[in-house]
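# Chain and residue survey
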Amino acid sequence: MIESRLHGGAAHGSDEVEAADKLSVTDLDFYYGDFQALAGVTVGVKERATTAFIGPSGCGKSTFLRCFNRMNDLIPGTRLTGRITLDGEDIYAPGVDPVDLRRRVGMIFQQPNPFPMSIYDNVAYGPRLHGVKKKARLDDIVQQSLERANVWREVKDILGRGGLTLSGGQQQRLCIARVLAVRPDVLLMDEPCSAIDPTSVQKIEDLMAELESEITIVIVTHNMQQAARVSQFTAFFLQEETNEPAELVEYGRTAELFTSPEDKRTEDYITGRFG
Amino acid sequence: MAGSERDMRDAGPGAPGPREPGSGSGVLRQTARSQYLKESSLRALFLACASVAVMGVALIFLFVGLRGWAIFAKVGVVDFLFGSTWLPTEGEFGIWPLIFGSFAVTIGALLLGAPLAIGTAIFLSEVASPRVRSILRPAVELLAGIPSVIYGFFGLIVLRPIIADMSGGLGFGLVTGWLILAIMIVPTISAISEDALRSLSPGIREASYAMGATKWQTIYKVLVPAAKVGIIDAVILGMGRAIGETMAVLMVIGNAPVVPAGVSEPFSTLTTTIVLDMAYASGDHRTALFGMAIILFLISMVLVALVRSLSRFGKQVG
């Protein structure tokens, strides 16, 4: 039913040929202890495209996002059933190392969280973890990553300064550079723009547009205009009753979902009738 | 008075005080005045509390200084600090062996105790499950509550014979002192280090894990460096605790005012000598003990200054 909807209408910028699913989720249930947060989510995330998860606060979209790099593993008492695959491989299969998974699936958080070390060391953190030691090689990676994160021009003369001395928006782009430095296949962004200034939001949206051709991006956002601007695909999540699990209500090409949603609840949400 | 009354009302539009409906402005003024008196007398009370502490330090310093300064004049600063013979009854007032003893026992205890304490802090803050933490942390805190004479007993009765067996001597000396002091400073260092680790923004933990770092990599590449100012603070405070500790040390070091020839030979520290000699010292001997107190005072002032300048430095970096 989802597939059938994917073929009409052109989303902005992407070609007509459908890319493969980079991430694919089948029948996912997620629990915090006894509380079920998500029920029966089945969805695919297209490769080299941007997918937005939208929905009211507390509808489980961040929880869902954190399933893709197994960050929820770090919260005691959580569990999930169902299946998530990355390039066809089950990421929750026994024997899969979450540490290795997280090297391929990077994440940006709502609050910019640079380490209390220099800008250079922040970006070099990942490559150093993975064994890059040569100074020249690290210099290259740091510059490239900061350039891709649209923050190089602002920091190139102050690489030795503490990451926390930057403004909030610059910190967030520094965090993006830090993730890009390990060349992940997938970039998860958990409301990356909700805590920063509008100029930086613009710069982050610009860099997302540039990255889109090489990387798979999944962004959780409260801001529907942002979802409409940056994504080709959108999934709408909703928790209809308090204490009931949230569900995926509708998924489709962004252009279609925003102009002619199939579900009444999606329409109500995007026209601002609730949430 | 009228001016400050107005200030009070301006400062607190929602200020407490009965505001019965229909009461006139005269009633309001009365309430504000009593409130003002209460506020200002409380301020005076708290100021007095703070002053007592400051006065205490000042008075003690003055007292110790007045009683002790003469020894520096009489013996000479260099001969007093670096003279190698402490024979006060025969007029030899070199406290170098005691200074050496204080620092030797303190530094050894720090080398043993600080890694133990920092490891404990890391375990409590990063590794232990909430259940394990709820058992272990009170246990560590309890270490701080044990009277130091009990530590001394333990050292004397349990540790000393073991050391004696291994070294062939009586077991009074640096090794026994190190072991006892190392345990005694664990709670100080681990509590402050754990605070430093737990007060780090949780975001940097998540960020490190999300970068594909393991728990161990996160701890030693991100968390410990980020908390290092707090951890160094903790070690310095532990050092202050160790250098001032008297009773437990006194019981296990054998108390001979010489630079020990080995790690299981008797020696003395500044504090233990003051305690032991104070009972009978008179004249220059007594003055020399106060002179040693001045040295202890200066050492702890330097330590406090170190902690303060470090935390300022920490604020600049963070």
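Residues numbered from 1 in each chain as written. Chains lettered and ligands numbered in written order. Predicted model: local features only at pLDDT ≥ 70, side-chain atom pairs only at ≥ 80, totals over all residues. Heavy atoms only, no water.

## A few points about the overall build of chain A
How we decide: Secondary structure elements follow DSSP: runs of H or I no shorter than four residues count as helices, runs of E no shorter than two count as strands, and numbering proceeds from the N terminus. We compute the radius of gyration from the C-alpha atoms alone; for a globule the expected value is 2.2 Å times N to the 0.38, where N is the number of residues. When accessible area is computed with a 1.4 Å probe and restricted to protein chains, residues below 20% of their type maximum are described as buried, those above 50% as exposed, and intermediate ones as partly exposed. When checking whether two residues touch, look at their non-hydrogen atoms; a contact exists if any pair is within 4.5 Å. Only the protein chains shown count as cover for residues, with accessible areas throughout obtained via the Shrake-Rupley method and a probe of 1.4 Å. Think of it this way: Lys and Arg go in the positive column, Asp and Glu in the negative one, and His and the chain ends go nowhere. Where a charge lies is defined by one atom per residue type: Lys uses NZ, Arg uses CZ, Asp uses CG and Glu uses CD.
Per the secondary structure count, chain A includes 11 helices and 10 strands. Radius of gyration (C-alpha) of chain A: 19 Å, near the 19 Å computed for a compact globule of 275 residues. Reported as C-alpha extents along the three principal axes, the dimensions of chain A are approximately 55 × 40 × 35 Å. Here chain A, with 275 residues, has 54% of them falling under the buried criterion. Put simply, of all contacts in chain A between residues at least 6 apart along the chain, 69% involve residues at least 24 apart. In the form shown here, chain A has an accessible surface area of approximately 11800 Å², with 48% of it arising from carbon and sulfur atoms. Within chain A, the 40 negative side-chain charges are centred at a point lying 8 Å from the centre of the 30 positive side-chain charges.

## Things to note about the domain arrangement of chain B
Size of an interface, as often reported, equals the accessible area lost when the parts are brought together. All names here are of chain B. To keep things clear, this is the line we draw: Domain boundaries shown here were taken from an automatic or database domain assignment. As used here, buried area is the combined drop in accessible area, with a 1.4 Å probe, of two parts when they are placed together. Whenever a carboxyl oxygen of Asp or Glu lies within 4 Å of a side-chain nitrogen of Lys or Arg, that contact is scored as a salt bridge.
Per the domain assignment, the segments making up chain B are domain 1 (2-75) and domain 2 (81-317). With 14 residues of domain 1 at the contact, the number on the domain 2 side is 12 residues. Of the roughly 1100 Å² buried between domain 1 and domain 2 on both sides combined, carbon and sulfur atoms contribute 85%. At the surface where domain 1 touches domain 2, the tally comes to 1 salt bridge.

## So, the nonpolar core
Heads up, the rule is: Remark: nonpolar core denotes a set of buried residues (Ala, Val, Leu, Ile, Met, Phe, Trp, Tyr, Cys) joined through side-chain atoms within 4.5 Å.
The biggest cluster of nonpolar side chains holds 117 residues, and the ones touching the most others in it are Leu146 and Met189 of chain A together with Phe80, Ile95, Leu270 and Met292 of chain B. Here this core spans two domains, since at least three of its residues come from each of domain 1 (2-75) and domain 2 (81-317) of chain B. Setting aside residues up to four positions removed in sequence, Met189 of chain A forms contacts with Leu65, Ile108, Ile176, Ile204, Met208, Ile217, Val218, Ile219 and Val220 of chain A. Leu38, Val186, Ala235 and Ala246 of chain A belong to the second-largest nonpolar core, a separate cluster that totals 37 residues.

## Concerning a nonpolar patch on the surface
Rules: Exposure above 30% relative accessible area and the absence of a salt bridge qualify a residue for a patch, where like charges join within 9 Å and nonpolar side chains (Val, Leu, Ile, Met, Phe, Trp, Tyr) within 5 Å.
A cluster of nonpolar side chains, namely Val149, Ile150, Phe153, Phe154, Ile157, Val158, Ile162, Met166, Ile183 and Met247 of chain B, defines an oily patch on the protein surface of about 890 Å² accessible area. With 8 residues, the top contributor of residues to the nonpolar patch is helix α6 (residues 148-167) of chain B.

## A short note on the packing of helix α4 (residues 119-129) of chain A against helix α5 (residues 135-148) of chain A
Residues and elements named next belong to chain A. Threshold: Each axis is a line fitted through C-alpha atoms, taken for helices only over the stretch in contact, and angles between the N-to-C directions span 0 to 180 degrees. The scheme is simple: roughly parallel for angles under 35 degrees, roughly antiparallel for over 145, roughly perpendicular for 65 to 115, oblique for anything else. Crossing handedness is defined as follows: a turn of the near helix away from the far one that is anticlockwise and smaller than a right angle gives a left-handed crossing, while the clockwise case is right-handed. When residues are sorted by character, Ala, Val, Leu, Ile, Met, Phe, Trp, Tyr, Cys and Pro go into the nonpolar class, Asp, Glu, Lys and Arg into the charged class, and all the rest, Gly among them, into the polar class.
At a minimum axis distance of 9 Å, the contact between α4 and α5 shows a crossing angle of 110°. Relative to α5, the element α4 is oriented roughly perpendicular. Classified by chirality, the crossing of α5 by α4 is right-handed. Residues Ile119, Tyr120, Val123, Ala124, Pro127 and Arg128 of α4 pack against Lys135, Leu138, Asp139, Ile141, Val142, Ser145 and Leu146 of α5. Among the residues making up the contact of α4 with α5, the classes are represented as 9 nonpolar, 1 polar and 3 charged.

## Quick word on the pattern of salt bridges
Where charged atoms from two side chains of opposite charge approach closely, those side chains can pair. All names here are of chain A. Throughout the structure, instances matching the rule amount to 23 salt bridges over all chains. The shortest N-O distance in the salt bridge between Asp139 and Lys135 comes to 2.9 Å. Within this pair, Asp139 and its partner Lys135 are both found in helix α5, separated by 4 residues, close to a single helical turn. We classify Lys135 as exposed; its relative accessible area is 55%. Each of the salt bridges in this network shares a partner with another, and the network as a whole consists of Lys22, Glu47, Asp87, Arg104 and Asp185.

## Concerning the state of the cysteines
Residue and element names in this part refer to chain A. To be explicit about the condition: The definition used for a disulfide is geometric: two cysteine sulfur atoms within 2.5 Å.
Counted by the stated rule, this structure contains 0 disulfides over all chains. In this structure Cys175 is a free cysteine whose sulfur lies 12 Å from that of Cys193, the closest cysteine sulfur available. A relative accessible area of 3% means that Cys175 is categorised as buried.

## A look at the confidence of the model for chain B
Do not read the fine detail of predicted coordinates wherever pLDDT is low. Using the following cut-off: Confidence per residue, as judged by the predictor, is encoded in pLDDT with a range of 0 to 100.
Per-residue pLDDT for chain B has a mean of 88; in total, 89% of the residues score no lower than 70. Put simply, helix α1 (residues 2-11) of chain B is where chain B has its lowest mean pLDDT, 43, and helix α4 (residues 96-127) of chain B is where it has its highest, 96.

## Focus on the sheet that holds strand β3 (residues 50-54) of chain A
All names here are of chain A. Note the following rule: One bridge is not enough; two strands pair if DSSP finds at least two bridges between them.
Taken in spatial order, the 6 strands line up as β6-β7-β8-β3-β9-β10 in an open sheet, and their pairing is mixed. Strands with a single pairing partner mark the edges of an open sheet, and in this sheet they are β6 (105-108) and β10 (247-253). Taking the axes of each pair of neighbouring strands and ignoring which way they run, one obtains an average angle of 15° across the sheet. Note: strand β7 (residues 186-190) against strand β8 (residues 216-220), 5 bridges, orientation parallel. By the bridge assignment for β8, Leu187 is matched with Ile217.

## A few points about the side chain of Asn122 of chain A
Residues and elements named next belong to chain A. Note the threshold: Contacts described as polar in this section are N or O atom pairs within 3.5 Å, which, within protein, must combine one atom able to donate a hydrogen with one able to accept it, while residues neighboring in sequence count only if both atoms come from side chains.
Among the secondary structure elements, Asn122 is positioned in helix α4. Take Asn122: its relative accessible area is 0%, and that puts it in the buried class. A distance of 3.2 Å separates a polar side-chain atom of Asn122 from the backbone oxygen of Met117. If near-sequence neighbours (up to four positions away) are discounted, Asn122 is found in contact with Pro114, Phe115, Met117, Gly163, Leu174 and Arg178.

## Observations concerning α4 of chain B
Two residues of an α-helix separated by three or four positions point the same way, owing to the 3.6 residues in each turn. Here is the rule we go by: The span you would expect from a helix comes to 1.5 Å times its residue count less one. Fitting one axis to the seven residues ending at a residue and another to the seven starting there, the bend at that residue is the angle between the two axes.
Over its 32 residues, α4 of chain B extends 44 Å from the first C-alpha to the last, a length consistent with the 46 Å expected when each residue adds 1.5 Å. The largest bend along α4 of chain B reaches roughly 30° and is located at Gly113 of chain B, with the proline Pro115 of chain B sitting one to four residues downstream.

## Considering unusual backbone geometry
Residue and element names in this part refer to chain A. With a phi angle near 65°, Asn150 is a residue other than glycine that sits in the positive phi range. Its location among the elements puts Asn150 in the loop between α5 and α6 (152-155). Residues other than glycine seldom take positive phi values, yet Glu191 does so here, at roughly 45°. Structurally, Glu191 is set in the loop between β7 and α8 (198-211).

## Remarks on the packing of aromatic side chains
The cut-off we apply is this: Aromatic contacts are taken between Phe, Tyr and Trp rings whose centres are within 6.5 Å, Trp giving its six-membered ring; a plane angle under 30 degrees counts as stacked, one over 60 as edge-to-face, and the others as tilted. Charges are assigned to positions over rings by a cutoff of 6 Å between ring centre and Lys NZ or Arg CZ, combined with an angular limit of 35 degrees from the ring normal.
What the rule picks out here adds up to 16 aromatic pairs over all chains. Note on Phe61 of chain B and Phe297 of chain B: the rings are 4.8 Å apart at their centroids and 70° apart in plane angle, and the pair reads as edge-to-face. Linking Phe61 of chain B in helix α2 (residues 25-75) with Phe297 of chain B in helix α13 (residues 284-317), this pair joins segments that are 236 residues apart in sequence. Chaining the aromatic ring pairs together yields one cluster made of Phe53, Phe64, Phe68 and Phe237 of chain A. Note that Arg79 of chain A overlies the ring of Tyr31 of chain A, its terminal NZ or CZ placed 4.1 Å from the centroid. We note Arg178 of chain A situated over the ring of Phe115 of chain A; from NZ or CZ to the ring centre the distance is 4.3 Å.

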